[in-house]
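Summary of structural features
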Protein chains: 2
Amino acid sequence: MKKDKVKKKVSNAVIKRLPKYYKCISKLIDCGIEKISSNDLSDRMKITPSQIRQDLNNFGCFGTQGYGYELKFLLYEIEKILGLDRKYNMILVGYGNLGKALIDYKEFKRKGFEFKGIFDINKEIINSEVNGIKIYDMSEMESFMEENKIDIVVLTVPKEVVNKIYLEVLKYEIKGVWNYTQEELEPLNGIKVEQVHLMESLMMLSYKVNE
Amino acid sequence: MKKDKVKKKVSNAVIKRLPKYYKCISKLIDCGIEKISSNDLSDRMKITPSQIRQDLNNFGCFGTQGYGYELKFLLYEIEKILGLDRKYNMILVGYGNLGKALIDYKEFKRKGFEFKGIFDINKEIINSEVNGIKIYDMSEMESFMEENKIDIVVLTVPKEVVNKIYLEVLKYEIKGVWNYTQEELEPLNGIKVEQVHLMESLMMLSYKVNE
């Protein structure tokens, strides 16, 4: 109950920093480090110590004066907030080059995000398997979704068919869409959408380059 | 001179919203719309009207009461700030699935970001061409860089070789690195780095899904 209360106050900017905390803290734990001061964490994260204290206080992670933060506890709390304390079943729609790259990306499964099926329209690859994941025809989606509990749909289809596929996907009991297409999708039916904006990222680089 | 002064005050959060303004405003212009009020822009961007006014005031784009913003002028100003008023030559290092997807992404060239060469170590593809772009052996990079003015290096290589390639790339007179690898790269020698964090994006989705 306390956690819910805390969660509501947390700003978007803080939430967006959480994966960076997660990454940094995981690395420290992998190196056998057990605790860290906000100053040391500040050096690594390139965030001011006071910002770090503020951020982490949001989640009830209060460091101890002269001792610092217990890393495993911190990681555990961040995992809970980010929803990384559970598993997600995913399907990929669109097995082009980008789709292939995502299927080959080992990190997803390690973090609990597992591809359970691939959907495409290319008859030549349908019914084959990649990394143990079967490729289905688009027309099989409905029956697949009935038989499998899918949380996340990853969209790497051409721009032209995104909306059609999104409409189909909205029919199923999924929780989120990870959208790699250039078409912006509106969250509907309680389904959350996370957009990957490659062009925006490149624009941020051209901004930095001209700063 | 005035612009420089203005630029320094602009916060990171505002800068990160600029590509979204750019996208939204481009779309409006494509639809033949010439001006917009901050209220209408607010509806489309899902940002409060006062935030929009604040953001755009940063760049000297003051809307006129009862008239709104002149879209072409706004776009022109945002393009200048983002560095989109010039062209960038890029090379891709690592022609795997992700590299292939990026080479096929037409939007980059449309926005002024053009791939001039691809580098890989796979002998079977070296000297061939994709979309009119030649694939070179990694050993040819030095001579290629001497002959071509490259602004941006796009890294889609395996994690294990990133640091080695980054060290090589730092020798050349490039301006930025667009890093798709899981290895965090530190900006060095005045070279700016923009990191693409696929895992972070997926974590944001799992956060939303559990909100």
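Summarised in this report is the structure supplied together with it.

1. Brief notes about the sheet that holds strand 3 (residues 88-93) of chain A
- If you trace the seven strands from one edge of the open sheet to the other, you get 5-6-4-3-7-8-9 (chain A), paired in mixed fashion. The open sheet is flanked by strand 5 (129-130) and strand 9 (192-195) of chain A, the only strands paired with a single partner.
- Looking at chain direction, strand 4 (residues 113-120) of chain A and strand 6 (residues 133-137) of chain A are connected through three bridges and run parallel. Opposite A:Ile118, over in strand 6 of chain A, you have A:Ile135 as the bridge partner.
- Packed onto the sheet, helix 10 (residues 198-210) of chain B meets strand 3, strand 4, strand 7 (152-155), strand 8 (176-179) and strand 9 of chain A and runs at close to 165 degrees relative to strand 9 of chain A.

2. Regarding the relation of the copies chain B and chain A
- For the pair chain B and chain A, the best superposition has an RMSD of 0.0 Å and corresponds to a rotation of 180 degrees with a translation of 0.0 Å parallel to the axis. Read as a symmetry element, the transformation amounts to a two-fold axis. Scanning chain B for the C-alpha nearest the rotation axis identifies B:Asn97, at a separation of 2.4 Å.
- Taken as a fraction of all interface residues of chain B, those also at the interface in chain A reach 100%, which identifies the copy contact as same-surface.

3. Some points on unusual backbone geometry
- Look at A:Asn127: it is not a glycine, yet its phi comes out positive at around 80 degrees.
- By the element assignment, A:Asn127 lies in the loop between strand 4 and strand 5.

4. A closer look at the side chain of B:Asp120
All names here are of chain B.
- Tracing the chain through its elements places Asp 120 in strand 4 (residues 113-120).
- As a buried residue without a salt bridge, Asp 120 has its nearest oppositely charged side chain in Lys 100, at a separation of 8.3 Å.
- At 2.6 Å, the side chain of Asp 120 and the backbone nitrogen of Tyr 95 are in polar contact.
- Within the local environment of Asp 120, its side chain forms a polar contact with the backbone nitrogen of Asn 122, the two atoms lying 2.9 Å apart.
- Here Asp 120 is in contact with Gly 94, Tyr 95, Gly 96, Ile 125, Ile 126, Ile 135, Tyr 136, Asp 137 and Met 138, once residues within four sequence places are set aside.

What counts, and where the lines are drawn
- Residues numbered from 1 in each chain as written.
- Chains lettered and ligands numbered in written order.
- Predicted model: local features only at pLDDT ≥ 70, side-chain atom pairs only at ≥ 80, totals over all residues.
- Heavy atoms only, no water.
- Pairing = 2+ DSSP bridges.
- Helix = DSSP H or I, 4+ residues; strand = E, 2+ residues; numbered from the N terminus.
- Contact = heavy atoms within 4.5 Å.
- Axes fitted to C-alpha atoms, helices over the stretch in contact; angles between N-to-C directions.
- Least-squares fit on C-alpha atoms with pLDDT ≥ 70 in both.
- Buried < 20%, exposed > 50% of the residue type's maximum accessible area, 1.4 Å probe, protein only.
- Lys, Arg positive; Asp, Glu negative; His and termini not counted.
- Salt bridge = Lys/Arg side-chain N within 4 Å of Asp/Glu carboxyl O.
- Polar contact = N/O pair within 3.5 Å; in protein donor to acceptor, adjacent residues only side chain to side chain.

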